[in-house]
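# Structural description and commentary
As a plain string of letters, each chain reads:
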Amino acid sequence: MSITDIQGNITYVNDKFCEISGFSKEELMGQSHRIVNSDYHDKEFIQNMWHSITQGYSWQGEFCNQRKDGHLYWVDSTIVPLLDKNGKPRQYISIRQDITELKDNAAISIRQDITELKDNAAKLEQFKHALDASHDMALITDTKGRIKYANPVLCQFTGWNKAALLGQHSSLLDSVNTNTDALAVMQHNLIKGESWSGRLLNRRKGIAPLPIAGQATPADPLEYWADVNVTPIHDADGTLTGYVQIQRDITSQVQREAAVRQEASDTDARLAISVALQQSSPIHERLINVLDILFALQAFDLQRKGGIFLKAKDEDYLDMFVLHGKFSEEFIRREQRIPLGACLCGRAAISGEFIVSDDCFCDPRHDHLFDGMQPHGHYIVPIMSGDNILGILFLYTDPYPDQSESRMNMLAQVGDLIALSLLQEQAQVALEMARDAALQTSTTKSDFLSNMSHEIRTPMNGVLGMLDILKDTEMSREQFDLVETAANSAEALLTIINDILDFSTYHY
Ligand code: FAD
């Protein structure tokens, strides 16, 4: 059970609601029931419900809801408006019963009915009535695949009215991008008189995005993923009379699964990139490895090219530092240096913003064009240190690249990791320069000391020699003592000079 205010925000839930939905009370309070919405029901269904309760009438119906863990469950709901003294709703109370099991049994029984269906007009009519009330989309075709019956849910969901569908081939609902291998397996099974279940990419009625020459065509919003079950119908003699197709829209589920897969591969890539950047190889080589890891991800596989621009401090341009992939000579020549503000990279270098560009031919910011350029998209990732721009990581993608939160976060983090590596590299270079300068100073000092010592030792030896000769001449006692003192002082000075010479040859 749950209670909401008139906006539909939950103000009370009982334990059973939490148990069935998998959400805690804290997670549900203040939220709309959208939190359990499975996207199974169309807009009209929800609007009818709201129409009744806002008019002060109770509403009863079946909701297909989604648990927190993604599993679907069915509830039979009665929503009762509590009215104020003017007869206007002030709260809504919803009382529900879990009917998931009943629904599953009903689905099984429809399947059993299909397999037991014989060419019995009364039974077929009865069966169509059952399908009319089914929440799944259903079609019956003849043996050639021509539609003989379509239920209301299918007409409503696909946008085709019944009259337009009757007599058409069921492939009318196929998307041009559907998996032809899966269709071939389906045909193969049906020809053998066996049923087939699987996922197919189908399409609702409507005009597809128009292809414009030279531009990429965006994804078709009318396509949907269907969980399809096709079963042959035989008459009493076992002759094939047609097929029943039951399908359910599972687009959100397929998208969720794709998002989970992509998040896993993005996480792996981020890890591999941080390992690649910590290697001891030259920075240029490490950055090429980073690009290779990114190119292996989905959405990069068609282009497999990109690079890194660096911006020197106080300069108003970007210089190409790494370029990886197949680029034209014209591109290499023209893009060696680009001014800030030019094209996508120059713009990102000014704003510091992460740019995603869907199609080079439709994006007015992509103002650098080249001969023979093919439609492509871009991720333009600023490489920042605080508010300072160090450079730009630019990646070519297929047109209309993924803009999911996980992909954007991963690339922004790659930008941060590259920034860190560039800063470490700068610090390393500065350290090496300081060490070289210190070594140079020390060598100069040693050379000076060594020179100086040599220069003093020679005349000092001359002085000592002369004093020795002087000692051998006739002198008074007093004169001899003075010469002796001079000789001793010269000896002491020579020892100091020899020590300086030895010291100057040491290297630290
Ligand atoms: P919404 O943004 O809700 O809009 C869909 C349409 O509903 C709008 O176009 C509008 O016509 C109408 N609408 C929405 N809010 C109001 C409003 N406050 N007043 C008048 N009209 C409005 N949904 C489920 O999927 N499962 C449930 O179990 C479920 N239980 C509910 C129980 C209660 C008591 C109430 C009040 C609502 C319940 N809902 C349930 C409906 C839910 O609140 C959402 O409207 C629904 O899930 C669709 O969500 P949405 O975001 O797609 O569309």
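Before reading on, note that the structure itself is shown above.
Every value quoted in this text rests on a predicted model; they were computed, and no experiment measured them.

Reading the values: rules and limits
- Residues numbered from 1 in each chain as written.
- Predicted model: local features only at pLDDT ≥ 70, side-chain atom pairs only at ≥ 80, totals over all residues.
- Heavy atoms only, no water.
- Helix = DSSP H or I, 4+ residues; strand = E, 2+ residues; numbered from the N terminus.
- Rg over C-alpha atoms; globule rule 2.2 N^0.38 Å.
- Buried < 20%, exposed > 50% of the residue type's maximum accessible area, 1.4 Å probe, protein only.
- Areas by Shrake-Rupley, 256 points an atom, 1.4 Å probe, with all protein chains shown as cover.
- Lys, Arg positive; Asp, Glu negative; His and termini not counted.
- Charge placed at Lys NZ, Arg CZ, Asp CG, Glu CD.
- Pairing = 2+ DSSP bridges.
- Axes fitted to C-alpha atoms, helices over the stretch in contact; angles between N-to-C directions.
- Contact = heavy atoms within 4.5 Å.
- Near = heavy atom within 4 Å.
- Polar contact = N/O pair within 3.5 Å; in protein donor to acceptor, adjacent residues only side chain to side chain.
- Core = buried A, V, L, I, M, F, W, Y, C linked by side-chain atoms within 4.5 Å.
- Salt bridge = Lys/Arg side-chain N within 4 Å of Asp/Glu carboxyl O.
- 1 Å grid on protein atoms, 1.4 Å probe; cavity = no way out; pocket = protein on both sides within 12 Å on 5 of 7 lines; lining within 4 Å.
- Points joined across faces, edges and corners; volume = space filled by probe spheres on them.
- Nonpolar A, V, L, I, M, F, W, Y, C, P; charged D, E, K, R; others polar.
- Phe/Tyr/Trp six-rings, centres within 6.5 Å; stacked < 30°, edge-to-face > 60°.

Quick look at the overall build of the protein chain now. Helix and strand counts for the protein chain stand at 14 helices and 16 strands. By the compact-globule yardstick of 23 Å for 508 residues, the protein chain is too spread out, its C-alpha radius of gyration being 41 Å. Overall, the C-alpha framework of the protein chain stretches about 155 × 60 × 45 Å when taken along its three principal axes. Looking at the protein chain residue by residue over its 508 residues, the buried ones come to 38%. For the protein chain, the accessible area works out to roughly 28,800 Å², and carbon and sulfur atoms hold 54% of it. In the protein chain, the 45 positive side-chain charges and the 70 negative ones have mean positions that sit 10 Å from each other.

Moving on, we get to the sheet that holds strand 4 (residues 72-83). One open sheet accounts for 5 strands, arranged 2-1-5-4-3; its pairing is antiparallel. Because the sheet does not close on itself, it has two edges, and the strands there are strand 2 (10-13) and strand 3 (59-66). Pairs of neighbouring strands in the sheet enclose a mean axial angle of 25°, with direction left out of account. Sheet topology places strand 4 next to strand 5 (residues 89-98); 9 bridges connect them, and they run antiparallel. Each residue of the ladder has a partner; that of Leu 82, found in strand 5, is Gln 91. Relative to the sheet, helix 3 (residues 43-54) contacts strand 3, strand 4 and strand 5, its axis offset from that of strand 3 by approximately 140°.

Glancing now at the site of the ligand. In the vicinity of the ligand there are 20 residues, among which Arg 34, Asn 37, Trp 50, Asn 65 and Arg 96 approach most closely. Interatomic distance of 3.1 Å between a side-chain N/O atom of Arg 96 and a nitrogen atom of the ligand. Notes on the ligand: free accessible area 920 Å², of which the protein chains cover 74%. When contributions to the shell around the ligand are tallied by element, the ones reaching two or more residues are helix 3, strand 3 and strand 5.

A few words on the side chain of Gln 262. Here Gln 262 lies in helix 9 (residues 251-277). According to the relative accessible area criterion, Gln 262 is buried, its value standing at 14%. Once you skip the residues sitting within four places of it in the chain, Gln 262 turns out to touch Asp 402, Ser 404, Ser 406 and Arg 407.

With a phi angle near 50°, Cys 343 is a residue other than glycine that sits in the positive phi range. Inspection of the secondary structure assignment puts Cys 343 in helix 12 (residues 343-351). On the accessibility criterion, Cys 343 (10% relative accessible area) is buried. Positive phi outside glycine occurs at Tyr 400, with the angle close to 55°.

Soluble globular proteins tend to pack their nonpolar side chains together in the buried interior. Counting residues in each nonpolar core, the largest one holds 28 residues, and the members touching the most others are Leu 294, Ile 383, Leu 393, Leu 395, Val 414 and Ile 418. Where this core is concerned, the elements lending two or more residues are helix 9, helix 10 (283-295), strand 15 (377-385), strand 16 (388-397) and helix 13 (405-471). Each residue touching Leu 294, except ones within four places of it in the same chain, is listed here: Ile 273, Phe 300, Leu 393, Leu 395, Met 410, Leu 411 and Val 414. By size, the runner-up hydrophobic cluster in this structure holds 20 residues, among which are Leu 139, Leu 154, Leu 173 and Leu 183.

Bringing the pattern of salt bridges into the picture now. Applying the stated rule across the entire model yields 20 salt bridges. With a closest N to O distance of 3.3 Å, Asp 69 and Arg 67 form a salt bridge. With a closest N to O distance of 3.3 Å, Arg 286 and Glu 425 form a salt bridge. Here the residue Arg 286 occupies a position in helix 10, and Glu 425 occupies one in helix 13, the gap between them amounting to 139 residues.

Our next topic: empty space enclosed by the protein. Across all of its chains, the model carries 1 cavity of 30 Å³ or more by this definition. Only helix 12, strand 15 and strand 16 provide two or more residues apiece to the lining of the largest cavity. Classifying every residue of the lining of the largest cavity gives 10 nonpolar, 3 polar and 1 charged.

Time to look at the sheet that holds strand 13 (residues 337-339). Pairing is antiparallel in the open sheet, where 6 strands are placed in the order 13-12-11-16-15-14. Edge positions in the open sheet fall to strand 13 and strand 14 (355-357), since each of these has one partner strand only. The mean inter-strand angle of the sheet, taken between neighbouring strand axes irrespective of direction, is 25°. With 3 bridges connecting them, strand 12 (residues 317-324) and strand 13 associate as antiparallel partners. Its bridge partner lying in strand 13, Asp 319 is registered against Arg 337. Sitting on the sheet, helix 12 touches strand 11 (306-310), strand 12, strand 13, strand 14, strand 15 and strand 16, and the angle it makes with strand 16 is about 150°. Most of the contacts of helix 13 go to strand 15, to which it runs at about 45°, and overall it touches strand 11, strand 14, strand 15 and strand 16.

All chains considered together, the criterion is met by 10 aromatic pairs. On the basis of an interplanar angle of 85° and a centroid distance of 5.7 Å, the ring pair of Phe 45 and Trp 59 is categorised as edge-to-face. Of this pair, Phe 45 sits in helix 3 while Trp 59 sits in strand 3, and the two are 14 residues apart along the sequence. By relative accessible area, Trp 59 is classed as buried at 10%. Measuring from centroid to centroid gives 6.4 Å for Phe 354 and Tyr 379, while their planes differ by 85°, and the two rings are edge-to-face. Of this pair, Phe 354 sits in the loop between helix 12 and strand 14 while Tyr 379 sits in strand 15, and the two are 25 residues apart along the sequence. Since its relative accessible area comes to 23%, Phe 354 is described here as partly exposed.

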